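Letter by letter, the chains look like this.
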Amino acid sequence: MAESQNRTGGAVDPHQSKQYHSKVIPGKDGDLIVEGPVPAPTLRSLVFHQGLKAFRPADRQQQALIRIAELPEGRIIAARRSQLVVGYVTFLYPDPLERWAEGNMGDLLELGAVEVAAPYRHSGLAKALLEVAFRDPAMENYIVISTEYYWHWDLEETGLDIWEYRDVMKKVMGSAGMEVYPTDDPEIAAHPANMLMARIGNRVPPESVERFHRLRFTLPPQ
């Protein structure tokens, strides 16, 4: 994870307040609450569904999300039924080892993960998580990227092939205004199903937009 105090490239103050928003999704087994950004102490008090295991076992993923929530720029949007978290989306600065950190941009965030436990899929929950995330007006100050790699996709559980899953991801991310951008990043270029998606907030300065476009390709020194 990037150290936020080292980010000097953008005009955004990474310590700015995070505006809480929520949405209730009625269900026959009880309401789902989609809310955030959720602070670290609240995340500690919740229980993570065992189906949240795309990246690591649920209890370890809970600890990873707590660490993200403790970062000045970190944002966790969660979906829960009572005290049980059944889905989440994360935002933080790109890993310092990734190309996307090379611009040292204070106004570029990475949508690090969006995950919904299998029993709660097909209910529009992923779209609801993104909707709540981008209700915060502060998100208009950021370029938000998402690096989509097919090897992270739950093809076995969904029964979809790579291209069907890719279409689903495009629709889910597109619901929040994210678009596919070309790039020569080696990991994304490793398979044609992989993709870079991004949403450029309407208050991002032109110089940051230009810096992002330069990051997408390996360019000779200017």
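All of these numbers come straight from a predicted model, not from anything done at the bench.

Each value, and the rule that gives it
Residues numbered from 1 in each chain as written. Predicted model: local features only at pLDDT ≥ 70, side-chain atom pairs only at ≥ 80, totals over all residues. Heavy atoms only, no water. Helix = DSSP H or I, 4+ residues; strand = E, 2+ residues; numbered from the N terminus. Rg over C-alpha atoms; globule rule 2.2 N^0.38 Å. Buried < 20%, exposed > 50% of the residue type's maximum accessible area, 1.4 Å probe, protein only. Expected span 1.5 Å × (residues − 1). Contact = heavy atoms within 4.5 Å. Axes fitted to C-alpha atoms, helices over the stretch in contact; angles between N-to-C directions. Left-handed = near helix turned anticlockwise from the far one by under 90°. Nonpolar A, V, L, I, M, F, W, Y, C, P; charged D, E, K, R; others polar. Core = buried A, V, L, I, M, F, W, Y, C linked by side-chain atoms within 4.5 Å. Pairing = 2+ DSSP bridges. Right-handed = clockwise from strand over helix to strand, strands pointing away. Phe/Tyr/Trp six-rings, centres within 6.5 Å; stacked < 30°, edge-to-face > 60°. Lys NZ or Arg CZ within 6 Å of the ring centre and 35° of its normal.

S.K.: I tried to follow the overall build of the chain on my own but got confused; where do I start?
M.R.: Broken down by element type, the chain carries 7 helices and 9 strands. Taking 2.2 N^0.38 as the reference for a compact globule, 222 residues should give roughly 17 Å; the C-alpha atoms of the chain span a radius of gyration of 17 Å, in line with that estimate. Each of the three principal axes of the chain carries a C-alpha extent, and together these read 60 × 40 × 30 Å. For the chain, the residues scored as buried account for 50% of the 222 residues in total.

S.K.: Mind showing me how you'd approach helix H2 (residues 58–70) here?
M.R.: At 3.6 residues per turn, the α-helix brings residues three or four places apart onto the same side. The first and last C-alpha atoms of H2 sit 19 Å apart over 13 residues, in line with the 18 Å expected at 1.5 Å per residue. Among all positions in H2, only Ala58, Gln61, Gln62, Ala64, Leu65, Ile66, Ile68 and Ala69 are buried. In this structure, the buried residues of H2 make contact with helix H1 (40–44), strand S3 (47–48), strand S4 (75–81) and strand S5 (84–92).

S.K.: Hey, could you run me through the packing of helix H3 (residues 125–133) against helix H5 (residues 162–174) in this one?
M.R.: The relative placement of two packed helices comes down to the angle between their axes together with the axis-to-axis distance. With their axes 9 Å apart at the nearest point, H3 and H5 run at an angle of 35° to one another. The hand of the H3/H5 crossing is right-handed. Each of Ala126, Lys127 and Leu130 in H3 lies in contact with H5, whose residues at this interface are Lys171, Val172 and Met173. Grouping the constituent residues of the contact of H3 with H5 by class yields 4 nonpolar, no polar and 2 charged.

S.K.: Is there a simple way to explain the nonpolar core in this structure?
M.R.: Here is a general trend for soluble globular proteins: nonpolar side chains tend to be buried in one another's company. Counting 52 residues, the largest nonpolar core has Val34, Phe91, Leu125 and Val144 as its most contacted members. For phenylalanine 91, the residues in contact, after removing those within four places along its chain, are Ile68, Glu73, Gly74, Arg75, Ile77, Leu109, Glu110, Leu111, Ala133, Phe134, Met139 and Val144. Core analysis: the second largest hydrophobic core is formed by 14 residues, Met105, Ile145, Leu196 and Ala198 among them.

S.K.: Can you help me understand the environment of isoleucine 200 in this one?
M.R.: Among the structural elements, isoleucine 200 can be located in strand S9 (residues 195–200). Residue classification places isoleucine 200 among the partly exposed residues on the basis of a relative accessible area of 29%. Setting aside chain neighbours within four positions, we find isoleucine 200 in contact with Tyr142, Ile143, Tyr181, Val209, Phe212 and His213.

S.K.: Where do I start with the pairing of S9 in this structure?
M.R.: In the case of a regular strand, side chains alternate between the two sheet surfaces. Buried residues dominate S9, accounting for 5 of its 6 residues. Looking at chain direction, strand S7 (residues 143–148) and S9 are connected through 6 bridges and run antiparallel. Looking across to S9, one finds that threonine 147 is bridged to leucine 196. Where strand S8 (residues 179–181) and S9 come together, 3 bridges link them in antiparallel fashion. Looking at the pairing, glutamate 179 lines up with alanine 198 of S9.

S.K.: What exactly am I supposed to notice about the environment of glutamate 187 here?
M.R.: Tracing the backbone shows glutamate 187 in helix H6 (residues 186–189). Taking C-alpha positions, glutamate 187 is 9.9 Å from glutamate 98, a pair spaced 89 residues apart along the chain. The contact partners of glutamate 187, leaving out residues within four places of it in the chain, are Tyr149, Trp151 and Asn194.

S.K.: Would you mind showing me how to read the pairing of S7 here?
M.R.: Most of S7 sits out of view: 6 of its 6 residues are buried. Burial along S7 is two-sided: Ile143, Ile145 and Thr147 facing one way and Val144, Ser146 and Glu148 facing the other are all buried. Where strand S6 (residues 108–116) and S7 come together, 3 bridges link them in parallel fashion. Bridge pairing in S7 links leucine 108 to isoleucine 143. In the classification by handedness, the crossover that spans S6, the intervening H3 and the parallel S7 is right-handed.

S.K.: Help me understand the packing of aromatic side chains, please; the structure alone is not making it clear to me.
M.R.: What characterises a pair of aromatic rings is the spacing of the ring centres plus the angle enclosed by the ring planes. The tally for this structure, following the rule as stated, stands at 5 aromatic pairs. Chaining the aromatic ring pairs together yields one cluster made of Tyr149, Tyr150 and Trp151. The ring of phenylalanine 212 carries the charged tip of arginine 216 above its face, separated from the ring centre by 6.0 Å.

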